Every structure is written in C-alpha cells, then in structure tokens.
Amino acid sequence: MDPATFRRHGHELVDWIAEYLEHPERYPVLSRVRPGEIASALPRHAPEAGEPFDAIMADFERVLVPGLTHWNHPGFFAYFAITGSAPGVLADFLSAALNQQAMLWRTSPAATELEEVTLAWLRRLIGLPEAFEGVIYDTASIASMHALVAAREAAIPGVRAKGLAGRPDVPRIRVYCSEQAHSSIDKAVIAIGLGHESLRKIAVDDAYRMRVDALDAAIAEDRADLWLPIAVVATVGTTSTTSVDPVAAIADVCEREQLWLHVDAAYAGVAAMLPSHAHILDGADRADSLVVNPHKWLFTPFDLSAFYCRRMDMIRAAFALTPDYLMTAEAGQVKNLMDTGVQLGRRFRALKLWMILRSYGAQTIRQHLSAHIQLAQQLAGWIDAHPDFERLAPVPFSVVCFRWKPAGRTLSDEALDAANQRLNDAVNQTGEVFISPTKLRGRVALRVAIGHIRTTEQHVRRVWDLLQTHAHAS
Ligand SMILES: *Cc1c(COP(=O)(O)O)cnc(C)c1O
C-alpha cells in the first residue's frame, strides 16, 4: 500500500469509526446472524492476487458488520458492559503502526517504562501501596494464572526445575475460592498442573460473599487430610452479582496459614477510585497479588489487564530465563518484561491506558463510574417497587440481578426459570438492548450490567420498559 493510498483509506476508516462511535444504535446490539452464516459467506481460500482495499472494506460492511455484536452500544447490558473509548481507539491505531514488541527494555524502552509509569498511576488511583509492582497482561484469566504460578513457586521447593509429577515429596495441593469466583480460577489450576480437584470452593453468605468460617474449616480439614494449601483467591466484584468477599478477614487467615492471597478485582477494582467505594479494597494492601481490568470498567478497548504483585520476584523466579539470542548489555540495570510472565513478545498496551487516563482525567472517570452506580441503584429501586419483579442480590456497583415473579400467582421454580429465560430472550430480540442471564442458588436470574460510557438513564429506562412489556406477554 503506497503512502497516498494509505492516507486515503486511513481517513476513510477514521470517518467510518467516528460515525460508528456516534451512532452505534443504528445496529441491533446483539447480532442476528445464525451459526455458520458468516463463515459460509466467505471464500474457502485466501486470494492468490492482492485485492483493492475498497473491495475488502465493502465485504467488511456487507459480510462482517451484520455478524458483530455491538459492545460499544449503550444498550449493551450483558456480561460486563465495557467501552472501547475514542482515545483508546486512537491509541490502538497508533500502537499498531509503531508495532512495538517490548520483550526487552531495548526493544522498546518507551513501552517498558510507560507501562511502569501508567500502572503506578492506576495503582495510586485505586489506593494500593507502593509495594505492589505492576505488569500488563492481556486478560484477568492470564493474570490470575500467573498469581497461582507465583503461589506454587513460593510454596513448593524446586517446582520450576522438577515440576509436580512423580514427586513423593509433594502432597496434593489446595487452592481456595468462593463458589461465586470466576471460572478463570478453575482454568488456572488446570493449566498449571495442580488439577481441577485442587480447587476447593467455599460457601457464600446471603450476600454471595465468601464465608470466612467455612474457609477456616476447609483449610483445617484439608491440613488434617494432608493436603497442602497454597493460596486463596478472594473476589472483589464477583461475576454474577458483583459481591465483595471480606478481603481483610481472608488476609488474616492467609497470614496465619502462610497462604498466597490473590484478589480478583477484574471488574470492580476501578471503583476504589471513588471515595464512596475505596473501602472495597480494604485488606487488599495485605494481598500478595491483585488483578484489575481497565478493559472492563475503565473505558479501555479490549485487551488490557493490570496485574499487581507484592512479590513479583516469585513470578521472575518462575519464568525468567535469557536465551543466548536475547542477551543484552543492559541486563541487570533495566526491567525486561519478558521476565515477568510466560509470553515473550508483548504489544504496546500501556499507550492506550496512558492516553485514556490523560484524556479523561481521574475526575471525569470517577464521574462516569458513579453515574453507572447511580443508574444501577435507580433500576434496583424500580424493581423493588414493582410487585411482579423480585431483586435477587444486593447492588454494590453497577450490576442488578432480579427475576420476574408475578404477584398473586404461584408458579413452580421450573416455570419461573423458563419464563425468565423467555423474557431475557424476548427483550434481546428487539435489538435495542442485550442482557445475559445467570443462575443464583440454582435459579435463573435476569442480570443488567451497566458500564458503557454512553449509557444514560434513557437506556436504562428502556431496558426496564421492555422487560415489563414482554413480561406481560409471557
Ligand atoms: C471478567 C472477569 C474475569 C475474566 O476476565 P478476562 O480479562 O476476560 O480474563 C475474571 N474475574 C472476574 C471477577 C471477572 O469479572
């Protein structure tokens, strides 16, 4: 592509993106394509001869756009609503052009040092102490996996060299999390060779928070049965209900039992920027590691996960090694990010966090976060006031869990589950909103997650109106 053509398509693309960010509502938020439809609309073979960019863009619009689910739509209330904000989009554009690969300090001093600086900014914003060193990974799943690798390194002598298999000196290992913890913790224990049975799920209280008495009992029972407990994962903002585990009490247990404490604050951690919510990380200063996802509730285009660790030396002990072809003169004086995890190459993700934090400023970010929390409170109030709806969990942040349960009619649990699933699907079919259900205490729960930067009261009213209208119909 010659420079003139690049300029022309570049400008066209910026116009397309600007239009898209301004009017995402022109598309149904949840894609309406059927499975296989996109793949079958595309050729089986890559072209032998290059094609003009206009033709490629035309197919992008014709074939791919209908197959997009619009995470940047203000009616997106499923999973966790996120935002690929304009400054973040520009930063990723620039990052692609620069094509930095920050495995070594010298392969991108700017990416290496900007990562350190922006993660220190974010750390101070959420009130974590200086002792936490940060590193950027792609996702919280990978961050939590690294946390458990560090826990394994700290607890099991020689694990880096000898592994775990065939070692009579290593007992069966235990990691603890609550029943409401994210599935990435399951995948982490599977991936690092502990086995899924090493993960013991602790019961929760009425508000879906880990019960510390149950944690204590489980550890005592496991020790008596000669398991080796190594770590506890506490969640600040669980995925179904955004409940907050009692981190300080769990930190006490971990100190007493000498266990690694990892805090999974993937979604809710950024709320600690608000004076009203700073307490959610009480006790996290005593954790060994913590993950928070700017790509969840900090308006950062996917993907960027911030991992903080008080004992990053354990991550380095697990992974640092320098092959002959990566030796550098600066060794020992600089941080080589390839030492801080599994992956060698890493892209320039810090650029978008830097541009977002500067472009919005902490004050505006706080305003957006508290607006989302207020909208969720409003919705919770409407649900509580309605005789045919029932709220199913407290609302500590911006996610509301509830179900349709008509007053004066007795329906079985199964009938209520089916009706709520139908209601969920019916509002999604309108194309105006997208919600995704969960299960609480075994029953289907509707769930509205507010988190897109352009979601306003009007959008929240709309999802609530649609729910009431379609509840009548079912
Ligand atoms: C979303 C979420 C994750 C997983 O996030 P990824 O970055 O997609 O891996 C983990 N834990 C919690 C609590 C989450 O909400």
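Before going into details, it helps to say that this report is about the structure given with it. Just so you know, these numbers come straight off a predicted model, no measurement behind them.

Calculation rules
Residues numbered from 1 in each chain as written. Predicted model: local features only at pLDDT ≥ 70, side-chain atom pairs only at ≥ 80, totals over all residues. Heavy atoms only, no water. Helix = DSSP H or I, 4+ residues; strand = E, 2+ residues; numbered from the N terminus. Rg over C-alpha atoms; globule rule 2.2 N^0.38 Å. Buried < 20%, exposed > 50% of the residue type's maximum accessible area, 1.4 Å probe, protein only. Contact = heavy atoms within 4.5 Å. Areas by Shrake-Rupley, 256 points an atom, 1.4 Å probe, with all protein chains shown as cover. Lys, Arg positive; Asp, Glu negative; His and termini not counted. Charge placed at Lys NZ, Arg CZ, Asp CG, Glu CD. Salt bridge = Lys/Arg side-chain N within 4 Å of Asp/Glu carboxyl O. Near = heavy atom within 4 Å. Polar contact = N/O pair within 3.5 Å; in protein donor to acceptor, adjacent residues only side chain to side chain. Nonpolar A, V, L, I, M, F, W, Y, C, P; charged D, E, K, R; others polar. Expected span 1.5 Å × (residues − 1). Axes fitted to C-alpha atoms, helices over the stretch in contact; angles between N-to-C directions. Parallel < 35°, antiparallel > 145°, perpendicular 65-115°, else oblique. Left-handed = near helix turned anticlockwise from the far one by under 90°. Phe/Tyr/Trp six-rings, centres within 6.5 Å; stacked < 30°, edge-to-face > 60°. Lys NZ or Arg CZ within 6 Å of the ring centre and 35° of its normal.

Here's the deal with the overall build of the chain
Looking only at helices and strands, the chain has 15 helices and eleven strands in total. The C-alpha radius of gyration computed for the chain amounts to 24 Å, which stays within 12% of the reference 23 Å derived for 474 residues, consistent with globular compactness. With the C-alpha coordinates aligned to their principal axes, the bounding extent of the chain is approximately 70 × 65 × 45 Å. Out of the 474 residues in the chain, the part that is buried amounts to 51%. For the chain, restricting intrachain contacts to residue pairs at least 6 apart in sequence, the fraction spanning at least 24 positions comes to 73%. Surface summary for the chain: the accessible area is close to 21400 Å², and the carbon and sulfur share equals 55%. The averaged location of the 54 negative side-chain charges in the chain is 1 Å from the averaged location of its 47 positive side-chain charges.

Section: the pattern of salt bridges
Under the counting rule described, the total for this entry stands at 35 salt bridges. The shortest N-O distance in the salt bridge between arginine 123 and glutamate 130 comes to 3.6 Å. Residue class for arginine 123 comes out buried when judged on its relative accessible area of 5%. Owing to a relative accessible area of 57%, glutamate 130 belongs among the exposed residues under this scheme. A salt bridge links arginine 311 to aspartate 288, with the nearest nitrogen and oxygen atoms 3.7 Å apart. Within this pair, whereas arginine 311 is found in the loop between strand 7 (305-309) and helix 12 (312-319), its partner aspartate 288 is found in the loop between strand 5 (260-264) and strand 6 (289-292), the two being separated by 23 residues in sequence. With a relative accessible area of 31%, arginine 311 lands in the partly exposed category.

Section: the site of the ligand
Residues in contact with the ligand amount to 14 residues; listed here are only the nearest, Ala140, Ser141, Asp264, Asn293 and Lys296. At 3.3 Å, a side-chain N or O of threonine 239 approaches an oxygen atom of the ligand. Between the ligand and asparagine 293 there is a distance of 2.9 Å, counted from an oxygen atom to a side-chain nitrogen or oxygen. Sorting the residues of the shell around the ligand by element identifies helix 6 (140-155) and helix 11 (294-297) as the ones contributing at least two each. Taken together, the residues of the shell around the ligand sort by class into three nonpolar, nine polar and two charged.

Section: helix 5 (residues 109-125)
In this model helix 5 runs 24 Å from its N-terminal to its C-terminal C-alpha over 17 residues, within 8% of the 24 Å that 1.5 Å per residue would give. Buried within helix 5 we find Ala111, Thr112, Leu114, Glu115, Thr118, Leu119, Ala120, Leu122 and Arg123. Buried residues along helix 5 sit against strand 1 (133-137), strand 6, helix 11, strand 7 and helix 13 (350-385).

Quick notes on unusual backbone geometry
Omega for the peptide link from phenylalanine 302 to aspartate 303 comes to 5 degrees, which places this bond in the cis form. Along the chain, aspartate 303 falls in the loop between helix 11 and strand 7. Even without being a glycine, threonine 242 presents a positive backbone phi close to 60 degrees. Phi angles above zero are rare outside glycine, and arginine 441 is one such case at about 45 degrees. Note that arginine 441 resides in the loop between strand 10 (438-440) and strand 11 (443-449).

Regarding the packing of helix 5 against helix 13
Between helix 5 and helix 13, the least distance of the axes is 9 Å, while the angle of their chain directions is 25 degrees. As summarised for this structure, helix 5 and helix 13 are arranged roughly parallel, according to the angle between their axes. Every pair of crossing elements has a handedness; the one defined by helix 5 and helix 13 is left-handed. Residues Leu114, Glu115, Thr118, Leu119, Trp121, Leu122 and Leu125 of helix 5 form the contact with helix 13, whose participating residues are Ala350, Leu351, Leu353, Trp354, Leu357, Arg358, Ala362 and Arg366. Across the contact of helix 5 with helix 13, the residue classes tally to eleven nonpolar, one polar and three charged.

Thoughts on the packing of aromatic side chains
Summed over all chains, the structure comprises 14 aromatic pairs. Residues tryptophan 16 and tyrosine 20 carry aromatic rings whose centres are separated by 5.5 Å and whose planes lie at 15 degrees to one another, so their mutual orientation is stacked. One end of the pair, tryptophan 16, and the other, tyrosine 20, are both in helix 1 (residues 3-22), four residues apart, so they sit about a helical turn from each other. Tryptophan 16 sits in the buried class, given a relative accessible area of 19%. Of the aromatic side chains, those joined through ring pairs into one cluster are Trp16, Tyr20, Tyr27 and Phe60. The ring of tryptophan 227 is capped by arginine 172, whose NZ or CZ atom sits 4.0 Å from the centre of that ring. Looking at arginine 174, its charged tip hangs above the ring of tryptophan 227, at a distance of 3.5 Å from the centre.

Everything listed here is a matter of coordinates, which is why it stays silent on function.
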